[in-house]
Structure formats: C-alpha cells, structure tokens
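Residue-level structure breakdown
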Amino acid sequence: SPDRPLAGRRALVTAGPTHEPIDPVRYIANRSSGTQGYAIAEALAAAGADVTLVSGPTTLPDPAGVHTIRVETARDMLEACRHALPCDIAVCTAAVADWHVAPAAQKIKKTADAPPPALHLVPNPDILAILGRPGPARPGLVIGFAAETEHVLAHATTKRARKGCDWIVANDVSPGTGIMGGAENEVTVIDATGCEHWPRLDKAQVAHRLVARIATFLQTPPNP
Ligand code: C5P
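Conventions we followed
- Residues numbered from 1 in each chain as written.
- Predicted model: local features only at pLDDT ≥ 70, side-chain atom pairs only at ≥ 80, totals over all residues.
- Heavy atoms only, no water.
- Patch = residues over 30% accessible without salt bridge, like charges linked within 9 Å, V, L, I, M, F, W, Y side chains within 5 Å.
- Areas by Shrake-Rupley, 256 points an atom, 1.4 Å probe, with all protein chains shown as cover.
- Salt bridge = Lys/Arg side-chain N within 4 Å of Asp/Glu carboxyl O.
- Helix = DSSP H or I, 4+ residues; strand = E, 2+ residues; numbered from the N terminus.
- Near = heavy atom within 4 Å.
- Polar contact = N/O pair within 3.5 Å; in protein donor to acceptor, adjacent residues only side chain to side chain.
- Nonpolar A, V, L, I, M, F, W, Y, C, P; charged D, E, K, R; others polar.

On the surface, a cluster of nonpolar side chains totalling about 300 Å² of accessible area is made up of Trp99, Leu119 and Leu121. Considering the arrangement of structural elements, one finds Leu119 in the loop between β7 (99–100) and β8 (122–123).

Cys92, Thr93, Ala94, Val96, Pro125, Asp126, Ile127, Leu128, Gly144, Phe145, Lys159 and Lys163 make up every residue found near the ligand. One of the backbone nitrogen or oxygen atoms of Ile127 is found 3.0 Å away from a nitrogen atom of the ligand. Leu128 places a main-chain nitrogen or oxygen 2.8 Å from an oxygen atom of the ligand. When the free accessible area of the ligand is taken as 440 Å², the share hidden by the protein chains comes to 86%. When residues of the shell around the ligand are traced back to their parent elements, those giving at least two are α3 (127–132), β9 (141–148) and α4 (152–163). Counted by class, the shell around the ligand contains 7 nonpolar, 2 polar and 3 charged residues.

Below, the structure is given as structure tokens:
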C-alpha cells in the first residue's frame with residue numbers, strides 16, 4: 001500500500017556508539033547519541049518494514065514497533081547483526097569503535113612510581129564492510145554513513161567503494177556544526193550515479209527522506 005511501501009521487507013539498522021571495556025569500570029566510547037539511527041529504524045517500521053535495531057549503549061528509549069537489541073562492544077554488535085540476517089535493507093549508522101583492548105580482569109590500579117599503563121589497541125571488525133561483501137547473504141541494499149570533519153565528499157566516496165556499500169550518507173561532524181549528538185543533520189547521499197545534497201533537516205526528517213528514497217529504489221531497481 002502507498003503508506004506502507006516497505007511491507008514484507010526486513011531491515012537491519014545499527015546505531016549508537018560502542019563501548020570497549022578497558023577494565024571492569026572503564027571503557028573507550030565516542031559522542032554518538034544514536035538519534036539518527038533510531039529515527040531511521042522508526043521510519044522504516046512506520047513504512048511497514050520488519051525492523052531489527054542493533055544498538056550500542058544510548059539513553060534513548062526503544063523505538064516504537066522495532067525489535068531492539070542492546071549490545072555493548074563492536075564484536076557483540078557484529079554477532080547481533082549476523083543473527084538478524086537475511087534482510088533486504090541494512091543501514092549502518094553506528095559509530096563503531098575502530099579498536100578494542102584486551103580488558104584487564106581487575107580494575108587497573110594507579111601506582112605512584114609506575115608509568116601510566118599503555119593501551120594495546122586491536123582493530124574491531126568492520127560491520128558495514130562485512131555486510132557489504134558480495135555473497136548470497138548480502139542484503140539487497142546496504143547503506144553506510146560517513147561522519148567526516150574535512151574533505152567530506154572525497155572521503156565518503158572512497159569509503160563507499162572500500163566498504164562495498166550501495167549508498168553512503170555523508171555528513172560533516174566538525175566541532176561547531178552541532179551535528180554529532182544534536183537534533184539536526186545535513187547530509188549528502190552518494191550512490192553509484194553521483195551525489196545528492198539535502199538541506200539541513202531535523203534527524204527525523206532525514207530519516208523519512210532516506211526511507212522514501214529506499215522505498216523508491218526497491219520499487220524500481222536499476223537495470224543490471
Ligand atoms: O570507517 P568509518 O567508521 O568512518 O565508516 C563509517 C561507516 O562504517 C558507518 O556506516 C559505520 O556504521 C560503519 N562501520 C561499521 N563497523 C566499523 C566501523 C564503521 O559498521 N567497525
């Protein structure tokens with residue numbers, strides 16, 4: 001039906017930061033609030049999709065009508081995403097930590113004479129790149145986000161190719177834009193055919209516009 005264009009479709013959305021423990025009381029995190037991803041999950045559900053939201057730690061309530069799975073680390077997020085497959089649409093908005101450390105079993109103590117502990121950083125899996133890999137389990141439409149502070153379009157275009165996603169939604173998160181953790185977003189959608197710049201909009205409006213674009217794409221797939 002026109003108001004539920006994604007009825008019968010399955011969607012996976014990742015959102016929020018990840019927390020990578022250092023010891024039982026400390027962790028590495030980032031400034032992602034989850035707002036944009038939650039809004040996308042809610043808009044996909046409102047359009048009729050069966051939505052699984054895999055969320056890192058946030059203060060947001062579970063979106064209405066969405067199956068929300070809460071995780072802490074990037075590795076947990078990947079595991080939960082794998083369980084949500086197969087799906088038709090994957091939207092990776094999560095600000096996944098790039099690295100984790102092998103956490104200490106006990107709280108690391110500071111000692112007066114000893115040097116500060118060094119953190120040995122180990123790369124995390126790239127969830128978007130894994131979902132974008134060609135193969136039978138690949139979602140039909142894989143969408144990534146690229147939060148950049150400079151050379152936004154150039155970096156995002158490179159990222160789209162490197163991660164094997166169909167669309168990348170690029171945004172400028174420089175200090176002063178108020179975007180990371182804020183209520184508004186100003187994005188450029190990059191696909192195989194080019195760039196589409198959208199005006200500064202409420203994150204809920206960005207979500208609705210993205211979902212409308214997804215619905216149009218799935219109705220009229222490009223010629224092979
Ligand atoms: O490489 P970068 O973090 O800038 O790429 C951003 C995009 O990749 C986002 O869509 C983000 O959700 C996704 N990503 C991911 N797993 C990672 C790192 C990024 O899914 N480990």
